[in-house]
Amino acid sequence: TLVATTLLAGSLSAQAITVGFSQVGSESGWRTSFSESVKAEAEKRGITLKFSDAQQKQENQIKAVRSFIAQRVDAIVIAPVVETGWQPVLMEAKRARIPVVIVDRNVSVSDQSLYLTRIAPDFELEGQKAANWLVEKTEGQCNVLELQGTVGSSAAIGRMKGFNDVLKQNPGVKIVRSQTAEFTRAKGKEVMESLLKAEGGGKNVCALWSHNDEMALGAIQAIREAGLKPGEDILVVSVDAVDDALKAIADGSINVSVELSPHLGGPAFDVIEEHRKGKKEFDKWIRMGGAVYTSENAAQELAARQAK
Ligand code: GYE
């Protein structure tokens, strides 16, 4: 019996793994849902999660990853703030033989063996979907204000590129002003106010293209305070499709949001568990899809989510 108990205890503790997760911050509703879903998923699987919030600063992430390495965690998950600057710390993780999974935004490194895989949506495609909706809605004639996400983040880089690629084919839709509002609601409002002022109050602005819902939700307040109706006088096009945005779509103040699932924790832990069982090669990009929500389907989706 003693041997059996020891074996059992041994195999149980071999399964109970510790994962360090370096999260971007808590800048948006989408991010909060994502963090909650990672924590819930870890708990469900009996994974000990070391969660670190970087408050939108890469230097904090690098510190967190170094501390995960020092604590000899079994695996590290990183949702990177920006794309560049990751090579050294990822090399440290590799030297310590700790597998790394990238989720959400990308890292730009020359050595692809520094991480197992990346689990993320296609940001360029999101930008294209947003632009296609706008082109169709405005029949290819529209002056657009753009609120960019965090400078240097692949979410902002990809969404901007995808959107602009569609505009190249539709020169009547033009971005007249563009500025970052760092993916937050407060900045979204503040920057939108200044963009509207710079555009003479916004009478000739046809649409806002916001890289996420959080900034869009701030910006619609600025639009209202400027005496205009968001969703009508200024169309609002966004990404994430968080619950608050679906509500705003249902009440007409946002027109469209491209969905991005916040449930990236489950797939990340799947990869880590498969890797522990011996799987060596993973696709370098596990791609997550998403729907497009407008007044046609937003209320229905919200009800479906609330029923869960
Ligand atoms: O759209 C935004 C968040 O990186 C895809 O970051 C993510 C973006 C998401 O703050 O709401």
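Throughout what follows, the structure given in this document is the object of discussion. Every value quoted in this text rests on a predicted model; they were computed, and no experiment measured them.

**Considerations on the nonpolar core**
- Formed by 57 residues in total, the largest nonpolar core has its most connected members in Val101, Val103 and Ile254.
- Setting aside residues up to four positions removed in sequence, Val101 forms contacts with Ile76, Val77, Ile78, Leu116, Thr117, Ile119, Ala268, Val271 and Ile272.
- If you look at the next biggest cluster of nonpolar residues, it comprises 20 residues, including Ile62, Val65, Ile69 and Leu90.

**Topic: the sheet that holds strand β4 (residues 100-103)**
- In space, the 6 strands of this open sheet follow the order β2-β1-β3-β4-β5-β11, with parallel pairing throughout. Only two strands of the sheet have a single partner each, and these edge strands are β2 (48-53) and β11 (285-288). Ignoring strand direction, the axes of neighbouring strands in this sheet form an average angle of 15°.
- Of the pairings in the sheet, the one linking strand β1 (residues 18-23) to strand β3 (residues 75-78) comprises 4 bridges and is parallel in character.

**What to know about the packing of helix α9 (residues 243-250) against helix α11 (residues 298-307)**
- Contact geometry for α9 and α11: axes closest at 8 Å, N-to-C directions at 145°. At the point where α9 passes α11, the crossing takes the left-handed sense. Between α9 and α11, the residues in contact are Asp243, Leu246, Lys247, Ile249 and Ala250 and Ala298, Ala299, Glu301, Leu302, Arg305 and Gln306, respectively.
- The residue inventory of the contact of α9 with α11, partitioned by class, reads 6 nonpolar, 1 polar and 4 charged.

**Some remarks on the site of the ligand**
- Lining the immediate surroundings of the ligand are 13 residues, of which Glu27, Asp104, Arg105, Asn212 and Asp240 lie closest.
- In this structure, an oxygen atom belonging to the ligand sits 2.9 Å away from a side-chain N or O atom of Arg31.
- Contacts to the ligand include Asp240, whose side-chain N or O atom sits 2.6 Å from an oxygen atom.
- Against a free-state accessible area of 300 Å², the protein chains account for coverage of 100% of the ligand.
- Of all the secondary structure elements, the ones that give two or more residues to the shell around the ligand are α2 (29-45) and α6 (154-169).
- Here the shell around the ligand is built from residues that sort into 5 nonpolar, 2 polar and 6 charged.

**Focus on helix α7 (residues 185-198)**
- For α7, with 14 residues, the first-to-last C-alpha span of 20 Å sits near the 20 Å given by 1.5 Å per residue.
- Where α7 is concerned, the buried positions are Gly188, Val191, Met192, Leu195 and Leu196. Mapping the buried residues of α7 onto a view down its axis gives an arc of 140°, with all of them on the same face. Along α7, the residues that are exposed and aim more than 90 degrees away from the buried face are Ala186 and Lys197.
- Turning to α7, the residues buried within the fold contact β6 (142-148), β7 (173-180), β8 (207-210) and α8 (213-225).
- Where α7 begins, one side-chain oxygen reaches toward the backbone nitrogen of Lys187, 3.2 Å away; that side chain belongs to Thr184.
- Where α7 terminates, the next one or two residues include Gly200, which has phi positive at roughly 65°.

**Remarks on the pairing of β2**
- Pairing of β1 with β2 involves 6 bridges; the strand directions are parallel. Directly across from Phe21, in β2, lies its bridge partner Phe51.
- Between the parallel pair β1 and β2, the chain is carried across by α2, and the sense of this crossover is right-handed.

**Structural notes on the state of the cysteines**
- Per the stated rule, a full pass over the model turns up 1 disulfide.
- There is a disulfide in this structure between Cys142 and Cys206, and the S-S distance comes to 2.0 Å. Residues Cys142 and Cys206 share a disulfide whose torsion about the S-S bond is about -100°; that sign makes it left-handed. Of this pair, Cys142 sits in strand β6 while Cys206 sits in the loop between α7 and β8; the two residues are 64 residues apart in sequence, bridging distant segments of the chain.

**Section: the side chain of Glu301**
- Assignment of secondary structure puts Glu301 in helix α11.
- Given a relative accessible area of 19%, Glu301 falls into the buried group.
- Side-chain polar atoms of Glu301 contact the side chain of Tyr293, separated by 3.2 Å.
- Sequence-distant contacts of Glu301, defined by excluding residues within four places in its chain, comprise Leu246, Glu259 and Tyr293.

Cut-offs applied
- Residues numbered from 1 in each chain as written.
- Predicted model: local features only at pLDDT ≥ 70, side-chain atom pairs only at ≥ 80, totals over all residues.
- Heavy atoms only, no water.
- Core = buried A, V, L, I, M, F, W, Y, C linked by side-chain atoms within 4.5 Å.
- Buried < 20%, exposed > 50% of the residue type's maximum accessible area, 1.4 Å probe, protein only.
- Contact = heavy atoms within 4.5 Å.
- Pairing = 2+ DSSP bridges.
- Helix = DSSP H or I, 4+ residues; strand = E, 2+ residues; numbered from the N terminus.
- Axes fitted to C-alpha atoms, helices over the stretch in contact; angles between N-to-C directions.
- Left-handed = near helix turned anticlockwise from the far one by under 90°.
- Nonpolar A, V, L, I, M, F, W, Y, C, P; charged D, E, K, R; others polar.
- Near = heavy atom within 4 Å.
- Polar contact = N/O pair within 3.5 Å; in protein donor to acceptor, adjacent residues only side chain to side chain.
- Areas by Shrake-Rupley, 256 points an atom, 1.4 Å probe, with all protein chains shown as cover.
- Expected span 1.5 Å × (residues − 1).
- Arc of directions from axis to C-beta.
- Right-handed = clockwise from strand over helix to strand, strands pointing away.
- Disulfide = S-S within 2.5 Å.

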